[in-house]
Amino acid sequence: MAELSTNVPAKSVSYSRTTLTELMIPAYANFGGKIHGGTLLSLMDKVAYACAARHAGEYCVTVSVDGVNFRQPVEVGELVSLMASVNYVGRTSLVIGIKVIAENVKTGTVKHTNTSYITMVAKNEAGVPAEVPPLLLETADDARRFLEAIKRKELRAAYSEHFDNERTRMLLAENIAQLKNERCVLGTGIL
């Protein structure tokens, strides 16, 4: 494998691996008694920042959040652990993989509530994107996650291009019939 043309030494995935654990209190609950999705998103953003900043050695900002699907609800009183690791690095960007688990501290039952990927960009003191260290892949899982991040990036770009092309070509009058069996009502001013 070719050496990278950077003077910055590579950092391993394990170097910046970060876990944030927090007890879910009643103030975090919604009207249904479950923990707000926004509370969990905020915690995911915090752990992603800590992990990315550790690897980059710079301030990092969130660029995108990919694939937040809440598989199971989180309850008040559960201990939530968010485990983050750098899955991929570009020149100035990092993809942080986050696994969220919730533990019922009374019963010891643990459930996987979601997995997400957050893209961060490193910024220097002037607020300009900063080069990040290469990622040292030490295990087969490290390499697999790096490759999966590349694939997600390719699929996201292809989807974005396809959707933008469709949106440009889509004429309302030609496609309005698609709404016939959907749960919507067309107002009188649409056509």
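The model shown is predicted, which means the values in this text are computed figures rather than measured ones.

### Observations regarding the nonpolar core
And then number 1: Val80, Leu82, Leu94, Ile96 and Ile98 are the most contacted members of the largest nonpolar core, which has 33 residues in total.
And then number 2: Taken together, the elements giving at least two residues each to this core come down to α2 (37-56), β4 (78-89), β5 (93-104), β6 (110-123) and α3 (140-169).
And then number 3: With eight residues, α2 is the largest single contributor of residues to this core.

### Side note on the pattern of salt bridges
And then number 1: Summed over the entire model, instances satisfying the criterion amount to six salt bridges.
And then number 2: In this structure, aspartate 66 engages arginine 156 in a salt bridge whose closest nitrogen and oxygen atoms are separated by 3.0 Å. Here arginine 156 lies in helix α3 and aspartate 66 lies in strand β3 (residues 59-66), a separation of 90 residues in the sequence.
And then number 3: We note a salt bridge from arginine 144 to glutamate 148, for which the minimum N-O separation is 2.9 Å.

### So, the sheet that holds β4
And then number 1: The five strands lie next to each other as β2-β4-β5-β6-β3, forming an open sheet whose pairing is antiparallel. Edge positions in the sheet fall to β2 (18-23) and β3, since each of these pairs with one other strand and no more. Between one strand axis and the next, the sheet turns through 30° on average, direction left out of account.
And then number 2: Seen against the sheet, α2 touches β2, β3, β4, β5 and β6 and runs at an angle of roughly 40° to β4.

### Some points on a nonpolar patch on the surface
And then number 1: Residues Leu172, Leu179, Leu186 and Ile190 make up a contiguous nonpolar surface patch of roughly 310 Å² in combined accessible area.
And then number 2: What makes isoleucine 190 partly exposed here is its relative accessible area of 37%.

### Topic: the environment of phenylalanine 146
And then number 1: Tracing the chain through its elements places phenylalanine 146 in helix α3.
And then number 2: Judged by its relative accessible area of 18%, phenylalanine 146 is buried.
And then number 3: C-alpha of phenylalanine 146 to C-alpha of tyrosine 88: the two residues are 58 residues apart in sequence and 5.0 Å apart in space.
And then number 4: The residues touching phenylalanine 146, leaving out its near neighbours within four places in the chain, are Asn87, Tyr88, Val89, Leu135 and Leu137.

### Observations regarding the side chain of serine 16
And then number 1: On the secondary structure map, serine 16 appears in helix α1 (residues 13-16).
And then number 2: Judged by its relative accessible area of 0%, serine 16 falls in the buried class.
And then number 3: Non-local contacts of serine 16, meaning those with residues more than four positions away in its chain, are made with Cys51, Arg54, His55, Ala84 and Val86.

### Describing the layout of surface pockets
And then number 1: In this structure, the second largest pocket spans a volume of roughly 270 Å³.
And then number 2: Lining the second largest pocket are 14 residues, with Ser85, Gly97, Ile98, Lys99 and Arg145 sitting closest to its centre.
And then number 3: Broken down by secondary-structure element, the contributors of at least two residues to the lining of the second largest pocket are β4, β5, β6 and α3.
And then number 4: Taken together, the residues of the lining of the second largest pocket sort by class into four nonpolar, four polar and six charged.

Criteria and cut-off values
Residues numbered from 1 in each chain as written. Predicted model: local features only at pLDDT ≥ 70, side-chain atom pairs only at ≥ 80, totals over all residues. Heavy atoms only, no water. Core = buried A, V, L, I, M, F, W, Y, C linked by side-chain atoms within 4.5 Å. Buried < 20%, exposed > 50% of the residue type's maximum accessible area, 1.4 Å probe, protein only. Helix = DSSP H or I, 4+ residues; strand = E, 2+ residues; numbered from the N terminus. Salt bridge = Lys/Arg side-chain N within 4 Å of Asp/Glu carboxyl O. Pairing = 2+ DSSP bridges. Axes fitted to C-alpha atoms, helices over the stretch in contact; angles between N-to-C directions. Contact = heavy atoms within 4.5 Å. Patch = residues over 30% accessible without salt bridge, like charges linked within 9 Å, V, L, I, M, F, W, Y side chains within 5 Å. Areas by Shrake-Rupley, 256 points an atom, 1.4 Å probe, with all protein chains shown as cover. 1 Å grid on protein atoms, 1.4 Å probe; cavity = no way out; pocket = protein on both sides within 12 Å on 5 of 7 lines; lining within 4 Å. Points joined across faces, edges and corners; volume = space filled by probe spheres on them. Nonpolar A, V, L, I, M, F, W, Y, C, P; charged D, E, K, R; others polar.

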